[in-house]
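Take a look at the letters that make up each chain.
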Amino acid sequence: MPMGVTQLELTGERLLDAVLTTLSDNKAEDVVQIDLRGKTAVCDYMVICTGRSSRQVAAIADKVEETLKQDHGVLCKSEGKEGGDWVLIDAGDVLVHVFRPEVREFYQLEKMWQPVNGAEAQTALR
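Residues numbered from 1 in each chain as written. Predicted model: local features only at pLDDT ≥ 70, side-chain atom pairs only at ≥ 80, totals over all residues. Heavy atoms only, no water.

## Examining the pattern of salt bridges
So, point 1. As enumerated under the stated definition, the model contains 9 salt bridges in all.
So, point 2. A salt bridge links Lys81 to Glu65; the shortest N-O distance between them is 2.6 Å. With Lys81 in the loop between strand S3 (77–79) and strand S4 (86–90) and Glu65 in helix H2 (residues 54–72), this residue pair connects regions lying 16 residues apart in the sequence.
So, point 3. Look at Glu65 and you get buried, because its relative accessible area is 15%.
So, point 4. The shortest N-O distance in the salt bridge between Glu110 and Arg104 comes to 2.3 Å. The pair Glu110 / Arg104 is uniform in exposure class, with both members buried.
So, point 5. Connected through salt bridges with shared partners, the residues Glu13, Asp35 and Arg37 form a single ionic network. (Salt bridge = Lys/Arg side-chain N within 4 Å of Asp/Glu carboxyl O. Helix = DSSP H or I, 4+ residues; strand = E, 2+ residues; numbered from the N terminus. Buried < 20%, exposed > 50% of the residue type's maximum accessible area, 1.4 Å probe, protein only.)

The quantities given are spatial measurements derived from coordinates; they are silent on function.
Structure representation (C-alpha cells):
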C-alpha cells in the first residue's frame, strides 16, 4: 500500500482509478466504466474491457489482481481465468469484467447495466 494511504482511505474512486490505470498500461481495449453507486449494494463501479485473445484476457486479469494486491493491499477474488473467455474480478467496490471480443458481444453487459440514456456509462479515456 502506498505511503500514507490506509485501507480505510482506499475509496471506490481510488480503486477505480488504479484499475483503469492498470487496464490502460496493459493494453485492454474498449474500456467502459459504469457508475453503480446507489443502484446496487454489490459494488460502486463496474468496469468492462476486452482483451484480444484468451491469453491476453488472463494476463490482464492477473495484472489487475497483482497491482491491487501489491500497491493497495486489496485481495481480489476472480473467476474464469482458466478458460480465458471472460474473467470476473471482484475487488470489493469495483467489479472488473475482462472479455474476449466475441464473448463480450454475446453477453452485452453494458446494455444490462447502463441507464437507457447511457449517461452514467463512460468510456475510459486513459
